[in-house]
Amino acid sequence: MPWKESSVMEERLRFVARLLEGEPMSELCREFGISRKTGYKIFVRYKEHGCAALTDRSRRPIRYANQLAHQVESLIVSLKRDKPFWGARKIRELLVRRLHGDVKVPAKSTIHAVLDRHGLVSRLGKKRSRGHAAIAGRWAQ
């Protein structure tokens, strides 16, 4: 007997069809291997939006709670371009003075991340670790 291939959408449609035929929710959920909470969620979505509601939804958040405002980010970038030798700490202090109380000023690590994202800071090379033998030889002398 060959394997039957089915998509998630088909399984949800079969689930809803059997519910509409009058089968009990608990037994169907047990058979399909889902919780009753998920079963009711699928059924309510179907009743509200029809077959289109049975497709997979995007998991991408609608908004990001801690996302930096576009205006603040562009201000950070323009300040860095005006003062190329300033780092995140000095830029933050200038923002604190300019935006006093108007906008929450981001942390210096956030400012550094913005500068890094726009390619305005150069990364230091990785620190080389000296081997244990070199250190041990140094102490032995």
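Structure: above.
Quick look at the structure, then.

Reading the values: the criteria
- Residue numbers run consecutively from 1 along every chain, following the written order of its sequence.
- Residue-level local features of this predicted model are given only where pLDDT is at least 70; pairs of side-chain atoms are given and counted only at 80 or more, and the full residue set underlies all totals for whole chains, interfaces and linings.
- The basis for every side-chain value is the complete set of heavy atoms in the structure, and neither hydrogens nor water enter the calculation.
- The buried label goes to any residue with under 20% of its type's maximum accessible area, the exposed label to any with over 50%, and the partly exposed label to all in between, with areas taken from a 1.4 Å probe on protein chains only.
- Numbering of helices and strands starts at the N terminus; helices are DSSP runs of H or I of at least 4 residues and strands are runs of E of at least 2.
- Each direction from the helix axis to a C-beta atom contributes to the arc, which is the arc of those directions.
- Any pair of residues with heavy atoms lying within 4.5 Å of one another is described as a contacting pair.
- Pairing of aromatic rings covers Phe, Tyr and Trp, the last counted by its six-membered ring, and requires centre-to-centre distances within 6.5 Å; plane angles under 30 degrees mean stacked, over 60 mean edge-to-face, and any other angle means tilted.
- Grouping buried Ala, Val, Leu, Ile, Met, Phe, Trp, Tyr and Cys residues that are joined through side-chain atoms within 4.5 Å yields what is termed a nonpolar core.
- A fitted line through C-alpha atoms represents every axis, and for helices the fit uses only the stretch in contact; the resulting angles, taken between N-to-C directions, go from 0 to 180 degrees.
- Should an angle lie under 35 degrees it is considered roughly parallel, over 145 roughly antiparallel, and from 65 to 115 roughly perpendicular; all remaining angles are considered oblique.
- Each crossing is labelled by how the near helix is turned from the far one, with a counterclockwise turn of less than a right angle marking it left-handed and a clockwise turn marking it right-handed.
- For this classification, the nonpolar set comprises Ala, Val, Leu, Ile, Met, Phe, Trp, Tyr, Cys and Pro, the charged set comprises Asp, Glu, Lys and Arg, and every other residue, Gly included, is treated as polar.

**With respect to helix 6 (residues 108-117)**
Inference 1: Along helix 6, the residues classified as buried are Ile 111, Val 114 and Leu 115. Within helix 6, the buried residues cover an arc of 95° as seen down the axis, which keeps them to one side. Among the exposed residues of helix 6, those oriented more than 90 degrees off its buried face are Ser 109 and Arg 117.
Inference 2: Where helix 6 is buried, its residues meet helix 4 (70-82) and helix 5 (88-98).
Inference 3: Downstream of helix 6 by one or two residues, Gly 119 has phi in the positive range, about 70°.

**Thoughts on the packing of aromatic side chains**
Inference 1: Scanning the model with the defined rule gives one aromatic pair in all.
Inference 2: Both rings, one in Phe 15 and one in Phe 32, keep their centres 5.4 Å apart while their planes meet at 85°; by these two values the pair is edge-to-face. In this pair, Phe 15 sits in helix 1 (residues 8-20) while Phe 32 sits in helix 2 (residues 25-32), placing the two residues 17 residues apart along the sequence.
Inference 3: For Phe 15, a relative accessible area of 1% translates into the label buried.

**What about the nonpolar core?**
Inference 1: Counting 13 residues, the largest nonpolar core has Ile 76, Leu 79, Ile 91, Leu 95, Ile 111 and Leu 115 as its most contacted members.
Inference 2: Elements represented by at least two residues in this core include exactly helix 4, helix 5 and helix 6.
Inference 3: In this structure Leu 95 touches Leu 75, Ile 76, Leu 79, His 100, Val 105 and Ile 111, once residues within four positions along its chain are discounted.
Inference 4: Ranked by size, the runner-up nonpolar core spans nine residues in total, among them Phe 15, Met 25, Cys 29 and Ile 42.

**Points about the packing of helix 1 against helix 2**
Helix packing for two helices is described by the angle between their axes and how far apart those axes are.
Inference 1: Where helix 1 meets helix 2, the closest approach of the two axes is 10 Å, and the angle between their N-to-C directions is 160°. On the basis of their axis angle, the class for helix 1 and helix 2 is roughly antiparallel. For helix 1 against helix 2, the interelement crossing comes out right-handed. Residues Glu 11, Arg 14, Phe 15, Arg 18 and Leu 19 of helix 1 touch helix 2, and the partners they reach there are Met 25, Leu 28, Cys 29, Glu 31 and Phe 32.
Inference 2: Its residues assigned to classes, the contact of helix 1 with helix 2 comprises six nonpolar, no polar and four charged.

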